[in-house]
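Structural overview for review
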Amino acid sequence: MLKTYLNNVKLCLKYPFLFKGTLKETWLDSIEDGWRRAFGNQLLYDLKEVINAQYKELKRNSVHVKKSDLFTIFDLRTYEGVLKFYALASKDVSEVLKKYSQLSKEYCHICGQPVKYKHKGFCNIMPIEYVCKDCFNDYLDEYKFSAIERRKLKTTCRAYKRKKKEAD
Ligand SMILES: [Zn+2]
């Protein structure tokens, strides 16, 4: 527990926008494992860069703001298979958030590999998901779906198709 606290203190000192009002967890914990693995560090880095640049620019023009005025997270969750931020965000920060929401469709949220399938979800019981081939098969094995059902449930993801086309 102490180790988690200390890690979270370090993390929040470096990226204050991750502070969630407690040291038990940070907003980073709300991002799914695969995405954290695939682009977590880059996301944090980009956000920090944008916030700092904008903050400096505003200060130079004698505009008094706090960094938290440029970016404060209210909620962060996976919505319809996509990483979604609910936040007070400046236009520049919003651009970064939008970019990573889009990018979350390209990396498996479970393991971080490139996405192959969009799992269309099923009657609110199963959520929409963007997953790699391995995780898709694991998932369906677990639920013992037939081959026909499998075909109905999935569509090949657009990002995967695009990359494949580029490679050909
Ligand atoms: Zn996966």
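Residues numbered from 1 in each chain as written. Predicted model: local features only at pLDDT ≥ 70, side-chain atom pairs only at ≥ 80, totals over all residues.

A few words now on the overall build of the chain. Across its full length, the chain carries seven helices and five strands. Walking the chain from its N terminus toward its C terminus, one meets helices and strands in the order α-α-α-β-β-α-β-β-α-α-β-α. Projected onto the principal axes, the alpha-carbon positions of the chain cover approximately 65 × 40 × 30 Å. For the chain, buried positions account for 23% of its 168 residues. At a minimum sequence separation of 6, the contacts of the chain that also span at least 24 residues come to 46%. (Helix = DSSP H or I, 4+ residues; strand = E, 2+ residues; numbered from the N terminus. Buried ≥ 20, exposed ≤ 12 C-beta atoms within 10 Å, placed from the backbone. Contact = placed C-beta atoms within 7 Å.)

So, about the pairing of strand β1 (residues 71-79). Direction of pairing for β1 relative to strand β2 (residues 82-89): antiparallel, over a ladder of eight bridges. For Thr72, the partnering residue across the bridge sits in β2 and is Leu88. Hairpin connection from β1 to β2: two residues lie between these consecutive antiparallel strands, with Glu80 at a positive phi of about 50°. (Pairing = 2+ DSSP bridges.)

Phi at Ser62 is positive, roughly 55°, even though this residue is not glycine. For Ser62, the location among the structural elements is in the loop between α2 (33-60) and α3 (67-70). Residue Glu80 is not a glycine yet carries a positive backbone phi of 50°. Tracing the backbone through its elements, the reader meets Glu80 in the loop between β1 and β2.

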